[in-house]
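Here's the letter readout for the chains.
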Amino acid sequence: MNYRHAYHAGNHADVLKHAVLAKVIERLAAKDKPFGVLDAHAGAGAYDLQSEAASKTGEWLGGIGLMQEAFSSQVEAVLAPYRRVIAGLNPAGGNRFYPGSPDIALQLLRSIDRLVANELHPEEADTLRMNYHGEKRLFITQLDALAAVKQQLPFKERRGLVLIDPPYEVKDEAAKVCRLLAEAVRRFETGVVMIWYPITTEDFVDGLVTGIAGLGIGNLLCAELRVKNTHEQSGLSGSGLIIRNPPFGLEEDLQILLPALAQRLGIEGLGRAKQEWLTPKKG
Ligand SMILES: C[S@@+](CC[C@H](N)C(=O)[O-])C[C@H]1O[C@@H](n2cnc3c(N)ncnc32)[C@H](O)[C@@H]1O
């Protein structure tokens, strides 16, 4: 396990993932009843963009670094919970501190909701514990993601979200993601599940998406944001999200958000967005 999210925090893929995550949580919180969030690959929780790691890659400059200027009011309405979380971490303004998924969840959950943050890497898990010491709505586990899904689902609240966000550093990660989704849906049929994936090569994306579509799981919405063309050497040219049981209104949110992000984050005009139902929408 070599992956450290600090090198990538705030990049274009994080902007997509976190803006949508914040909106999903906001929509879940719009109903009175409590809900749970299982962050199956939680990371450290929050990142300093002036750290050595973040400065070394400078990836955030092509992500959150380009988000300062306001979009149209329609786009800003979709981005509002994401903007609030960043402002919450940076009370004096700016974006030096960047939220990971656990921070986004904790800032947007109400007192009746709860977060289970699972992180396998011992140092990242320790940082997570240190960052949120005393936070009563948070329970931290240090398991393989599949074991965490088996241990934590279904939620007693019967509502909630599972985030699947692995580093994709091992070859069989796509197969593991399929297993995680199948297990999460088997245990928590009504839950929202959000999977993040990198767009590196078209072969990788085709393999992953075809594998997920072939699981026989309905109501899967897929959203992709590309910032440049994809070829073998181009590295991360974009990323995608597959969302099972997207909350009411999210499809419309994405229709507003994705083209705006493609235009803003695209490199030399090559930004593109795509949204489609991977498996049939539940009526
Ligand atoms: C992409 S990062 C997570 C970023 C985080 N979700 C966010 O959005 O801020 C992936 C994390 O998964 C952890 N990880 C790797 N293999 C894992 C496994 N089998 N089970 C749980 N976590 C794992 C890594 O240590 C890393 O911190």
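Residues numbered from 1 in each chain as written. Predicted model: local features only at pLDDT ≥ 70, side-chain atom pairs only at ≥ 80, totals over all residues. Heavy atoms only, no water.

A. Expanded view of the sheet that holds strand β8 (residues 220–226). Strand order in the open sheet formed by 8 strands is β5-β4-β1-β6-β7-β9-β8-β10, and the pairing between neighbours is mixed. Pairing within the sheet leaves two strands with one partner each, and these edge strands are β5 (138–141) and β10 (272–279). Looking at each pair of strands side by side, their axes are set apart by 15 degrees on average, direction ignored. The pairing of strand β1 (residues 36–39) with strand β6 (residues 160–164) spans 4 bridges and is classified as parallel. The partner of L38 across the bridge, within β6, is V162. Strand contacts of helix α4 (residues 101–108): β1, β4 (114–118), β5 and β6, with the helix running at about 170 degrees to β4, the strand carrying the most contacts. (Pairing = 2+ DSSP bridges. Helix = DSSP H or I, 4+ residues; strand = E, 2+ residues; numbered from the N terminus. Axes fitted to C-alpha atoms, helices over the stretch in contact; angles between N-to-C directions. Contact = heavy atoms within 4.5 Å.)

B. Molecular detail of the site of the ligand. In the region of the ligand, 21 residues are neighbours, and H18, H41, E119, D144 and D165 sit closest. Between an oxygen atom of the ligand and a side-chain N or O atom of H18, the distance comes to 2.8 Å. In isolation the ligand offers 600 Å² of accessible surface; the protein chains occlude 96% of this area. Classifying every residue of the shell around the ligand gives 8 nonpolar, 8 polar and 5 charged. (Near = heavy atom within 4 Å. Polar contact = N/O pair within 3.5 Å; in protein donor to acceptor, adjacent residues only side chain to side chain. Areas by Shrake-Rupley, 256 points an atom, 1.4 Å probe, with all protein chains shown as cover. Nonpolar A, V, L, I, M, F, W, Y, C, P; charged D, E, K, R; others polar.)

C. Here's a closer look at the nonpolar core. Judged by nonpolar contacts, the single largest core of 91 residues is most densely connected at V20 and I212. With 10 residues, the top contributor of residues to this core is helix α1 (residues 12–28). (Core = buried A, V, L, I, M, F, W, Y, C linked by side-chain atoms within 4.5 Å. Buried < 20%, exposed > 50% of the residue type's maximum accessible area, 1.4 Å probe, protein only.)

D. Region of interest: helix α8 (residues 202–213). End to end, α8 covers 16 Å across 12 residues, agreeing with the expected 16 Å (1.5 Å per residue, within 8%). Elements in contact with the buried residues of α8: α7 (173–187), β7 (192–199), β8, β9 (238–244) and β10. (Expected span 1.5 Å × (residues − 1).)

E. Inspection of helix α5 (residues 122–131) at higher detail. Residues of α5 that are buried: E124, A125 and L128. The buried residues of α5 occupy an angular sector of 100 degrees when projected down its axis, which confines them to one face. Summarising the geometry of α5, the exposed residues directed more than 90 degrees from the buried face are E123 and M130. Elements that come into contact with the buried residues of α5 comprise α4, β4 and β5. (Arc of directions from axis to C-beta.)

F. Broad picture of the packing of α1 against helix α9 (residues 250–265). Packing of α1 against α9 brings their axes to within 11 Å, and their N-to-C directions diverge by 160 degrees. It follows that α1 is roughly antiparallel to α9 by the angle criterion. Crossing hand, α1 versus α9: right-handed. Judged by residue contacts, H12, V15, L16, A19, V20, K23, V24 and R27 of α1 engage L250, D253, L254, L257, L258, L261 and L265 from α9. (Parallel < 35°, antiparallel > 145°, perpendicular 65-115°, else oblique. Left-handed = near helix turned anticlockwise from the far one by under 90°.)

G. How the structure looks around the side chain of E224. Structurally, E224 can be placed in strand β8. With relative accessibility at 3%, the residue E224 sits in the buried group. At 2.6 Å, the side chain of E224 and the side chain of Y197 are in polar contact. Beyond its immediate sequence surroundings of up to four residues, E224 is in contact with Y197, I199, V205, S239, G240, L258, R272, A273 and K274.

Purely spatial values, then, with no claim about function.
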